[in-house]
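# Reading the structure
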Amino acid sequence: MIDQSVCLAGVTLKNPIVAASGTFGFGREYGTFYDLSELGAICVKGLTPRRREGNPPPRIAETPMGIINSVGLQNPGVDAFIAAELPELRRHDVKIIANISGDTPEEYGEMCEKLSAAGVDLVEVNISCPNVKAGGLAYGTKPELAAEVTALAKRHSTVPVMVKLSPNVTDITEIAKAVAEAGADALSLINTLRGMRIDVNTRRPILRQNTGGLSGPAVLPVAVRMVWEVACAVKLPILGMGGVSCGSDAVQLMLAGASAVAVGTACFTDPYAPVKVRDELTQIAQSQGHGRVAELTGGVLPW
Ligand SMILES: Cc1cc2nc3c(=O)[nH]c(=O)nc-3n(C[C@H](O)[C@H](O)[C@H](O)COP(=O)(O)O)c2cc1C
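Since this is a predicted model, take the numbers as computed values, not measurements. Starting from 1, residues in each chain are numbered consecutively following that chain's sequence as written. Per-residue local features of the predicted model are confined to residues with pLDDT of at least 70, and side-chain atom pairs are confined, for both listing and counting, to 80 or more; whole-chain, interface and lining totals are unaffected and use all residues.

### Considerations on the sheet that holds strand S11 (residues 193-196)
- Strands sit in the order S5-S6-S12-S11 across an open sheet of four strands; the sheet is antiparallel. With one partner strand each, in any of the chains shown, strand S5 (60-63) and S11 form the two edges of the open sheet. Geometrically, the sheet is characterised by an average inter-axis angle of 40 degrees between neighbouring strands, direction not taken into account.
- As judged from the four bridges shared by S11 and strand S12 (residues 211-215), these two strands associate in the antiparallel manner. A pair of strands is considered paired only if DSSP assigns at least 2 bridges between the two. The way it works is that DSSP assigns letters per residue, a run of H or I at least four long becomes a helix, a run of E at least two long becomes a strand, and they are numbered from the N terminus. Every angle, taken between N-to-C directions, lies between 0 and 180 degrees, and every axis is a line fitted to C-alpha atoms, over only the stretch in contact when it is a helix.

### Some words on the site of the ligand
- A residue counts as near a molecule or strand when its C-beta atom, positioned from the backbone, falls within 6 Å of it. Neighbouring the ligand are 26 residues, the closest being Gly22, Gly46, Ser215, Gly264 and Thr265.
- Within the shell around the ligand, the residues separate by chemical class into nine nonpolar, 15 polar and two charged. Three classes are used, and their members are as follows: Ala, Val, Leu, Ile, Met, Phe, Trp, Tyr, Cys and Pro are nonpolar, Asp, Glu, Lys and Arg are charged, and the others, Gly among them, are polar.

### What to know about the environment of Val230
- Tracing the backbone through its elements, the reader meets Val230 in helix H6 (residues 220-233).
- On a C-alpha basis, the gap between Val230 and Ile82 in space is 33 Å, while along the polypeptide they are 148 residues apart.

### Considering the packing of helix H5 (residues 172-181) against H6
- Across the interface, H5 lies against H6 with an axial gap of 9 Å and an inter-helix angle of 45 degrees. Between H5 and H6, the angle is such that the two are oblique. With respect to the hand of their crossing, H5 and H6 are arranged in right-handed fashion. Residue-level contacts link Ile172, Thr173, Ala176 and Lys177 of H5 to Met226, Glu229, Val230 and Ala233 of H6.
- When grouped by side-chain class, the residues that make up the contact of H5 with H6 number five nonpolar, one polar and two charged. Comment on the angle field: the value is read as roughly parallel under 35 degrees, roughly antiparallel over 145, roughly perpendicular from 65 to 115, and oblique elsewhere. Crossing handedness is defined as follows: a turn of the near helix away from the far one that is anticlockwise and smaller than a right angle gives a left-handed crossing, while the clockwise case is right-handed. For every residue pair, C-beta atoms are placed from the backbone, and the pair is scored as a contact if these atoms sit within 7 Å.

### A look at the sheet that holds strand S14 (residues 260-263)
- Taken together, eight strands build a closed barrel; the order of strands is S3-S4-S7-S8-S9-S10-S13-S14 and the barrel is parallel. Neighbour-to-neighbour, the strand axes of the sheet open up by a mean angle of 25 degrees, direction not taken into account.
- Judged from the three bridges that link them, strand S4 (residues 41-43) and strand S7 (residues 95-100) form a sheet pairing that is parallel. Within S7, the residue paired with Cys43 across the bridge is Ile97.

### Considering helix H7 (residues 247-256)
- Taking burial as the measure, the ten residues of H7 include eight buried ones, the bulk of the element.
- Working definition of burial: number of other C-beta atoms within 10 Å of the residue's own, with buried at 20 or more, exposed at 12 or fewer, and partly exposed in between, all C-beta atoms being placed from the backbone. Regarding H7, the residues found buried are Gly247, Asp249, Ala250, Val251, Gln252, Leu253, Met254 and Ala256.
- Those residues of H7 that are buried lie in contact with H6, strand S13 (238-241), S14 and helix H9 (273-287).
- One or two positions beyond H7, positive phi appears at Gly257, with a value near 135 degrees.

### Describing the pairing of S7
- By the criterion of burial, S7 is predominantly enclosed, with six of the six residues buried.
- Burial along S7 is two-sided: Lys95, Ile97 and Asn99 and Ile96, Ala98 and Ile100, pointing in opposite directions, are all buried.
- The pairing of S7 with strand S8 (residues 122-126) spans four bridges and is parallel. The partner of Ala98 across the bridge, within S8, is Val123.
- For the handedness criterion, the strands are oriented away from the viewer, and a crossover whose path from the first strand over the helix to the second runs clockwise is classed as right-handed. Between the parallel pair S7 and S8, the chain is carried across by helix H2 (residues 105-118), and the sense of this crossover is right-handed.

Right, here's the structure in full:
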């Protein structure tokens, strides 16, 4: 049997498949379908220092080959996560990635300290949420601010820090380089692309927040392009995501340079999607003669 394990910023995942933040909650619902230990890692819903209700509905709408969402970081707050959700997740043999968002760089630091002490395996710093007013995307689109948040997160964290980049920029490598120089241990990309739908009968935007973030199969080619660009520009390991719904999608991201791959929106139509992607990816790697799936990383050939 082919070796499925991969290394992400010094953390060994038993296979390269990660549940993407915000599409898997804290794993409870998916745990009724299969053992969460099947996955390489679970990236939990974005956490903030205090509980958030999120944005008012409607906040999810379908699009051709995807969805747009403006959930707005609904979550119980970092302390409630540590008290009520982390112990439950820890019962499974799966790495836990805490996804965090703050209104100020200091808030990122505080959360890193708490989550490192609580024993998560990795912190994913979200500087790319398009659905919140403060922080979020504001940090992910300016190299200096992205670097400042990264440096603070690193200073307050005892576990590896991965920074999640936004595709809503002209040149993603500029932000990737700034974050790498500030000490990030890994990068994850892509978050959602800003989008909008309008109901032609009511003439109102379909989402209550007017705009939202586009995800799902429609964004895969953008994700592959950006992972490839970032992999060419910086030496850090990459968690690739955006539109993955089958094994060959995940293989594309790995060939472009990703060490591991997250599955997000696909979980909404098929809760088994991450497990199916894992099996199909393994099958492709094996049929191409690899002994380890990790050998796919960066394997794209030049013309
Ligand atoms: C409903 C929804 C909620 C999300 N919430 C978060 C979040 O809290 N933090 C985060 O970093 N990304 C969040 N994302 C972005 C995903 O983690 C992922 O980057 C993006 O959806 C692209 O992957 P996909 O096409 O496989 O879904 C969310 C995406 C969706 C669809």
